[in-house]
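Here is how the chains run, residue by residue.
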Amino acid sequence: MSGLPTDVPHRRTGVRVEVPGPLDLGGQGRETARAVRFLRECAGLGLRVTWRAAGRPAYDLSALRHLPPPDELPGAGAELTAWRDGYGFGALYHRRGPGFVTVMDRREPGTAARLTLDHPDLLAAFDRLHDPTPLDLLDPTGREAVGLLAAERLALVSGGWAVSLPPRIHRWPVPCTAI
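In this text the structure is predicted, and so the values were computed from the model without any measurement.

### A few points about the nonpolar core
Ranked by internal contacts, the top residues of the largest apolar core, which has 47 residues, are Leu 25, Phe 38, Trp 51, Leu 64, Leu 117 and Leu 149. Among the secondary structure elements, those contributing two or more residues to this core are α1 (30–44), α2 (77–86), β7 (100–105), α3 (120–128), α4 (140–151), β10 (155–158) and β11 (161–164). It is α1 that provides the largest number of residues to this core, a total of 7 residues. If sequence neighbours within four positions are ignored, Phe 38 has contacts with Leu 4, Pro 5, Val 8, His 10, Val 17, Val 19 and Leu 23.

Listed below in structure tokens is the structure:
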């Protein structure tokens, strides 16, 4: 058992994960949301991932800079270079407290934002989006909350599906103060 979502075929050996087939980042629905969730979980576990991307994203790829970059991203040379250059462990993560979630966001160079989610509707949406979720299953309050999370770049909404972006980091590097 790898401790990772099973809907993305992969092979885990220690701290390395290899995904044999390309992951769809095209943003056309469930497959993109599943790919992002898989990479988010790998990031939370501090794993090194070897993978290839498929599809041409219609969304801003900089929202994914906290995730391990792909080896290949067709048609996106400059964006892939920016992703690789901007990637860093702990660039985006969340911590949970009683009745709130704190998110640290350092995806953009030279900036750091700390957000606290403590409104019950936002917390419910954030928790729901841990797993890829079709937007049409959400009530109007849930869709509004997802819209707010997406506006803060804490959720990826694409192709009628949504998934949360910040991982919960399970293994901190030593020294963790370097993050």
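### Structural notes on the environment of Val 49
Position of Val 49 among the secondary structure elements: in strand β4 (residues 48–50). Judged by its relative accessible area of 11%, Val 49 falls in the buried class. Each C-alpha atom of the pair Val 49 and Glu 79 lies 18 Å from the other, and the pair is 30 residues apart in sequence. Setting aside its immediate chain neighbours within four residues, Val 49 contacts Val 17, Val 19, Leu 39, Cys 42 and Pro 68.

### Concerning the packing of α3 against α4
Helix-helix packing is characterised by the crossing angle of the two axes and by the distance between the axes. Between α3 and α4, the least distance of the axes is 9 Å, while the angle of their chain directions is 80°. The orientation of α3 relative to α4 falls into the category roughly perpendicular. Contact residues: Asp 121, Leu 122, Ala 125 and Phe 126 in α3; Thr 141, Gly 142, Ala 145, Val 146, Leu 148 and Leu 149 in α4. Of the residues belonging to the contact of α3 with α4, the class tally is 7 nonpolar, 2 polar and 1 charged.

Here is what the cut-offs are and how they apply
Residues numbered from 1 in each chain as written. Predicted model: local features only at pLDDT ≥ 70, side-chain atom pairs only at ≥ 80, totals over all residues. Heavy atoms only, no water. Core = buried A, V, L, I, M, F, W, Y, C linked by side-chain atoms within 4.5 Å. Buried < 20%, exposed > 50% of the residue type's maximum accessible area, 1.4 Å probe, protein only. Helix = DSSP H or I, 4+ residues; strand = E, 2+ residues; numbered from the N terminus. Contact = heavy atoms within 4.5 Å. Axes fitted to C-alpha atoms, helices over the stretch in contact; angles between N-to-C directions. Parallel < 35°, antiparallel > 145°, perpendicular 65-115°, else oblique. Nonpolar A, V, L, I, M, F, W, Y, C, P; charged D, E, K, R; others polar.

Just geometry here; none of it tells us what the structure is for.
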